[in-house]
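Descriptive analysis of the structure
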Amino acid sequence: MRCRSVAGIWPETPPPHRVTAAAVLSEPPSLYTGAADGSIVWWSFFADDNSFTEIKPVAVLCGHDASIAALDICYPLLASEYSNMDQSSDIVTKGTDGDCGALISACTDGVLCVWSRRSGHCRRRRKLPPWVGSPSILQRLPTNPRYVCIASCVGEASHTAYQADTNDIDALPEVLGDPELIRKHAKSVIVIVDSYTLSITETIFHGNSLIGPLKFMAFLEPAHYVRKIVLADSVGHLQLISPLQDSDLDAEPVSSQSSSNVKISNIGNVSQLEPVVSITTNGSILGVLHRTHCFFMLMPSGTVFGRISFENSTLCPGYGTSESYAVGCTFLHCGNVSTLAAGDTLGRAVAEFAVWNNRGSATVYGLSYLDDIFDSEVLCEIPSVNYPSDIKISVTFIELRASILRLESVCFDEEEPLFWKLHITLWSWSQPQNMRENIIKRCILTGEGDFLVDWIGISHKLDGGATKHAFCTRAAGLMTSMTFHGEILAPKASVDSLSIDDLKYVVPRPECMVSCSMVVSHNSGIPQAVVYGFQNGEIELIRFPMHLDNAYFADQDVRHDMKPHEAKQHFFGHRDAVLCLATHEIVTTAGRSSTHFLLSGSMDCTVHIWDLRTGDLMKVMHHHVGPVRQLILPPRRPYHPWNDCFLSVGQDFCVALVSLQTMRVERMFPGHPNYPVKVVWDGEGGYLACLSQDRSTESGMKDVLYIWDIKSGSRDRVLRGSAAHSLFDFFGKTKNMNSINDSILRNTSTSSVSFPLRDDEVIPSFQQRSEKRHSPSLVGKEVVELMGRQPVAPKGSTLRSDTTIASSDDMLPVRCSCPLSGVPMLSFDLTSLMFVDIDGGHELDTETQKIVMDGSGMLTDATHMTRKPCLRKDFAMCLLQLSLWFLHLWDADFELDKLMGSELKIKKPETFTIVPGLEGDRGSVTLAFPGFRSALELWKSSSEFCAMRSLALVSLAQRIVSLSPSFSTASSALSAFYNRTFAEKYPQLKPPSLQLLVSFWQHEEAHIRMAARSLFHCAASRAIPSPLFSQKAIGSESMGSCSEAREIVAQDEAQAADLDGVLPETQAFSENNDAEILEWIESYELQDWISCVGGTSQDAMASHIIVAAALAIWYPSLVRRSLAELVVNPLIKLVMSMNEKFSSTAAELLAEGMDSTWKTCIVSEIPRLIGDVFFQIECMGGASANTPAVQSVPPRIRETLASVLLPSLGLADIASFLTVIEGLIWSTSSDSPVHLVSLRILTRVIRGSPRILAEHLTKVVNFILQTMDPNNLVMRRTCLQSSMVAVSEIARVFPMAALNKASTQFAVGDAVSEINCAPINVYDLLSVTKIKILDASGPPGLPIFLAGTSKAVTTTISVLSFSPDGEGLVAFSEHGLIIRWWSFGAAWWEKLSRNLVPVQCTKLIFVPPWEGFSPSSSRASVMGKIAGNAGSTGAMENTTSIMNTSAFLVHNLDLSYGLDWVAEREVVLTRQGLKIGTFQF
């Protein structure tokens, strides 16, 4: 599992945001706006005390590199049978959780993203196949909102003016008057996509439509569950598509691209070639909007039954002389449409209909239709925006509950539209009591929003007393000048003093608007500075104010106490906007000096090469005649001389290869039909792949891929269409795999979401990365032919190996990229940060040394590895400090911030605006907006973000303490803050996701494991999933503390236990709860946290099992009582699955809760489980020399099974355990690892819980001796050492076992047995045979005292000891207080050693009772029993029968007796270290 924490750096000015699509969620109220630059802004609503709503941006969602075409709300986890939705509020009303909704977005380059509604995190990111074309419309299916319908245009139609904003009606081409010419390239595709997997499940239409290029699509009310889709073009041609059969969307995806399964009807044309502005539907009613009027049609007949004219109204005042006209419409679903009086002559209102114009004015109509009479009435109006008429604006309205949101995208400079700003207003209305009174109400403004407030505050904070300020404001009188030379917003002006109307006229200054940005990082991957390129051509470098070790970065001048103006460096030379940036370092052959270059491409068609250290301009290159859009650094695998070259991509359709050694253009790759949007450099093969679009073909625009040979500079081949995309995707995947850590994005301003999407791949563990080799699969015949030629390095050059690259790139703990133009991002890999080597450096392997010695062209990379010094402790500490500086939430606790500054030397950023973020699927990222409130909102809304960020910070704090104990105060305070204090200070925070935390319990790094467990325990009481939470605890949400909650829940459960069996419905209620718990445990649906950590659906189910099991063990009072019984079997299956991510954790939980939780549930299955675990150990370890071990199973799982789970199972059922291991002696091979495991487990049990083995001691000894059998040399050689350790431990722990001084003879007696059967077995350890049986059943000559007592169970042998000379054995029996002595004479002992007849003792001594020993106690003497038996009563007999049970005797067994020899024939009897008496023989 990966754990990456993201930090973004916002510039002083916000990025432009021109809305191209929008979507809303009603619960919780949220707004999403998609922009032309591919970004999506997530807005939240905050109500103040006066019921005025403030609309604030929370985060920007970065997953697209092209303009957002459409947004909609979908429900990826919604099953087909649960499709009942409230269409007015986007809330599922039956059968699903309210949090299952998500935002789905589509951009014009075919990339789809699904975003979580809670955290804004990207769940899925996929690209549609090339044949689908460019998506333009996206709508969820009314009958099943899990699926969405996507309509797209293929060819030139997808990029014509038909796809322009609806406000730009005048931009329609002249071809509007020729319908045949419109239909010429009208090739369309309509597909159904599953929002859970983002895969195409059905192709509705693929081909040339009967109308022009698609502009609108709408669903009609389904009849008998048959979908009907209405299509329309910009001139009003309508087409109805009806599938002949409603196919099963849950079936396998349909691969057909034909339209044979649909019925196509041409309804006609209702516009008379007048542009259609918008189309909307309400059931079977279709509304067609034109500039000055609107038609209402009844579908599918196409009958027009109503018309509304807007001429001379507020929408079109004085049409013909005014520039106002209608641009959008929609049916409103939130209004009450049946409130008219019963006797009203207008009849029942059927709908509410909203229309707005290009100046932001809107009118809400009430529509009615009765007795073939259509009527409309104005209900309320929204006034137009108060911008001057010459200001360019784009207005969109969207419904939210009983209100309407107006989205105003404004551009203040029409000649140079550098910045589009968004202003949002919220309007609500109430209907008039009587429509016949002709009272037109104006809507009430109830909320506003503008994200410039945050940036104005940032600009004041960052600028301080400087003279340059990022924003200026213009009064209404200056608006007509249409220039940016307005009034500079003084730093002393308070942001709070600016009203929302003032903010409408605040714009960024052009010289402060960032056009591109990047993070400069060292070759080791450590970020050093941020570089910004501005619209006026200026470049600014700002260093991070962190103290870096001068010994490691000898060429850097970065200090902790650096002033803001000292950290900045400016580069002047460009005459226009800077469009791209990159840095590259050239190291000399000797490796003792280097030159760090800064490269910049500009709108002025030049490439500037700067010395990054001095700021000097070294070269200006004029090889392009168009703006330079991209700068591409060499990949990690080039050979000389291309390792110190870079590519420049210009809008003149040319790509140039420039050498930094010669400062010349080495290769020119011209002739592309259009600007190469995407370029991939394959350093290993020596190829260049350039993807562009060809609009010159008669069949429409197609994507064209040019393949260039870098060595010769010639064009290798040209591919078009789908083949072009397939091959380019292959190049992109190969390049990404060659640099796993996205090193292709380091030190460039290239967007991290612009590269081809990679297929799903298993993330290797940290230890495996340096050994991982990639073998990319080839795609298609063209790929095979092209890539069949192996890369050949020039003479004297050597290609670098995969292993070398993986080992150098994968160890970078920080990745730098730029997901959004002007917003750099840093991603901190927690595993790499924890594994930074502090003891020594990384030595060159043999292959890399050979490369260096052979003088290959890999000077940059090989020399970098050669001159890479040891990663010492101070460097590791600096890296951790840098990570905390970026990831810590500043201003959340001022005392903690002060402590971190004084002790850790980490102070709050003053020169940068750092915001938290969350990585999503396949390179997508979610970044919070500037400001503490936006960052806190991310903590409040996302449990996944809370878990990821808290885990990272707590792990870093623990790591710092391990490196430097002097920082323990600040580190402990930091760890405590994110464990508990943060949630106590801000109760609205989301608790961390328990499922995400348990996925790190098996992490290879100890600090991460400990942090995950501590966070789990701190958050468990607040984050228990609702299906598992006790019903009584759910009703106690107002409880003050966790302890109070547990007490109340315990009381409620006790009361419920008393009522069991009383109410007849209790059983049914319990069954429903059990079904709900099982459904949650077995669920594998896509979870937000899965894509955060790079997991799978199987990981989701496994994490549910782990969470449920952990809660059942540690928090039984907070969860439902049946949870343990329901989760134990899935937990056992998870252990047996040998899952490398969760099986060890499952085994630990099974072992930890065996006595308290699981034993009563699986008591009958323990023997089978023990056998299964031994079988897994045998398979993993290799049954014999001829059966190799399963190498894919990590050793940690085998170790956990053997050292944790099996001992707990043995303690739970020791009899079954001994039976199983005895059977393994004969059923497995002699060298099987199960024998060693069994011996080690027995040794652990002997040391930890010896009492449970007391009554099975003879069986334990027999098993150990079998493993030492000299007749089985293989087993003896394997187990002898462990067997002798076990024998020694038995003699040490159990006093009834003894080992002679020479360790050649071993004696053991039964601790608990029948009175008449108490043998002592003596073994010869050399021959491993039983040589004698000694009889200790009773005193010689004494009668049987009572009938039936001979079979009574009691303690027999309490302690044994060999004499020092080995010629005698003494035994003491607490039962009867008797000491027995057997004398071994050499002659007769040898004679008697050949038979196993029980031998009576040679001497018997009665021990007098000592102080504290009473005949009435459980350990009564023989004479005491005789004396007490005559007067025994029935009660005494019952008591004796209970006391003489084996369990009771084992529980009270005294293992503290000892026999210490003080002379050759004199012994001292002790108990608990106290002397009882001395006896001679």
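What counts and what doesn't
Residues numbered from 1 in each chain as written. Predicted model: local features only at pLDDT ≥ 70, side-chain atom pairs only at ≥ 80, totals over all residues. Heavy atoms only, no water. Helix = DSSP H or I, 4+ residues; strand = E, 2+ residues; numbered from the N terminus. pLDDT = per-residue confidence, 0-100. Contact = heavy atoms within 4.5 Å. Salt bridge = Lys/Arg side-chain N within 4 Å of Asp/Glu carboxyl O. Buried < 20%, exposed > 50% of the residue type's maximum accessible area, 1.4 Å probe, protein only. Pairing = 2+ DSSP bridges. Axes fitted to C-alpha atoms, helices over the stretch in contact; angles between N-to-C directions. Core = buried A, V, L, I, M, F, W, Y, C linked by side-chain atoms within 4.5 Å. Polar contact = N/O pair within 3.5 Å; in protein donor to acceptor, adjacent residues only side chain to side chain. Parallel < 35°, antiparallel > 145°, perpendicular 65-115°, else oblique. Left-handed = near helix turned anticlockwise from the far one by under 90°. Nonpolar A, V, L, I, M, F, W, Y, C, P; charged D, E, K, R; others polar.

This paragraph deals with unusual backbone geometry. The backbone phi angle of Asn312 is positive, close to 60°, even though this residue is not glycine. Note that Asn312 resides in the loop between strand S23 (303–309) and strand S24 (326–332). Phi is positive for Asp891, close to 75°, though the residue is something other than glycine. Secondary-structure assignment places Asp891 in the loop between helix H11 (873–887) and helix H12 (894–904).

Residues with a pLDDT of 70 or more make up 70% of the protein, whose mean pLDDT is 76. In this model, residues 250–261 is a region of pLDDT below 50 whose contacts with residues beyond four sequence positions or in other chains number 23 contacts. Predicted confidence for residues 1343–1349 stays below pLDDT 50, and this span has 6 contacts to residues more than four positions away or in other chains.

Attention now moves to the pattern of salt bridges. The final tally for this structure, using the stated rule, is 23 salt bridges. Two residues, Asp1099 and Lys1141, come together in a salt bridge whose shortest N-O distance is 2.9 Å. Here the residue Asp1099 occupies a position in helix H22 (residues 1097–1114), and Lys1141 occupies one in the loop between helix H23 (1123–1136) and helix H24 (1143–1152), the gap between them amounting to 42 residues. Across the pair Arg1168 and Glu1165 runs a salt bridge, and its minimum N-O distance is 3.3 Å. In the salt-bridge network here, residues are joined through shared partners; they are Arg4, Asp829 and Glu919.

Glancing now at the environment of Ile279. Along the chain, the position of Ile279 falls in strand S20 (residues 278–282). A relative accessible area of 12% means that Ile279 is categorised as buried. Each C-alpha atom, one on Ile279 and one on Phe295, is 9.7 Å from the other, the two residues being 16 residues apart in sequence. Non-local contacts of Ile279, meaning those with residues more than four positions away in its chain, are made with Phe216, Ala232, Leu238, Leu286, Gly287 and Val288.

Quick look at the sheet that holds strand S59 (residues 1319–1324) now. What the 4 strands build is an open sheet, ordered S56-S57-S59-S60; its pairing is antiparallel. At either end of the open sheet lies a strand with only one pairing partner, and these are strand S56 (1297–1299) and strand S60 (1329–1335). Adjacent strand axes in the sheet meet at a mean angle of 15°, parallel and antiparallel pairs treated alike. Two elements, strand S57 (residues 1305–1309) and S59, share 5 bridges in a ladder whose sense is antiparallel. What sits directly across from Gly1309, in S59, is Ile1320.

Moving on to the nonpolar core. Counting residues in hydrophobic clusters, the biggest one holds 244 residues, and the most contacted among them are Trp1158 and Phe1294. Once residues lying within four places of it in the same chain are set aside, the contact partners of Trp1158 are Ala1109, Ala1112, Ile1113, Ala1124, Val1127, Val1128, Leu1131, Leu1149, Leu1150 and Gly1153.

Among the structural elements, Glu1076 can be located in helix H20 (residues 1066–1081). On the basis of relative accessible area, Glu1076 is assigned to the partly exposed category, the value being 33%. Through-space distance from the C-alpha of Glu1076 to that of Ser1026 is 9.8 Å; in sequence the pair is 50 residues apart. Sequence-distant contacts of Glu1076, defined by excluding residues within four places in its chain, comprise Pro1027 and Arg1120. Reaching out from Glu1076, the side chain makes a polar contact with the side chain of Arg1120 at a distance of 3.5 Å.

On to the packing of H22 against H24. Contact pair H22 / H24: the axes reach a minimum separation of 10 Å and the direction vectors enclose 20°. Overall, the two elements H22 and H24 adopt an arrangement that is roughly parallel. When you trace H22 past H24, the crossing you get is left-handed. Contacts between H22 and H24 involve Ile1106, Ala1109, Ala1110, Ile1113 and Trp1114 from the former and Thr1145, Ala1146, Leu1149 and Glu1152 from the latter. Classifying every residue of the contact of H22 with H24 gives 7 nonpolar, 1 polar and 1 charged.

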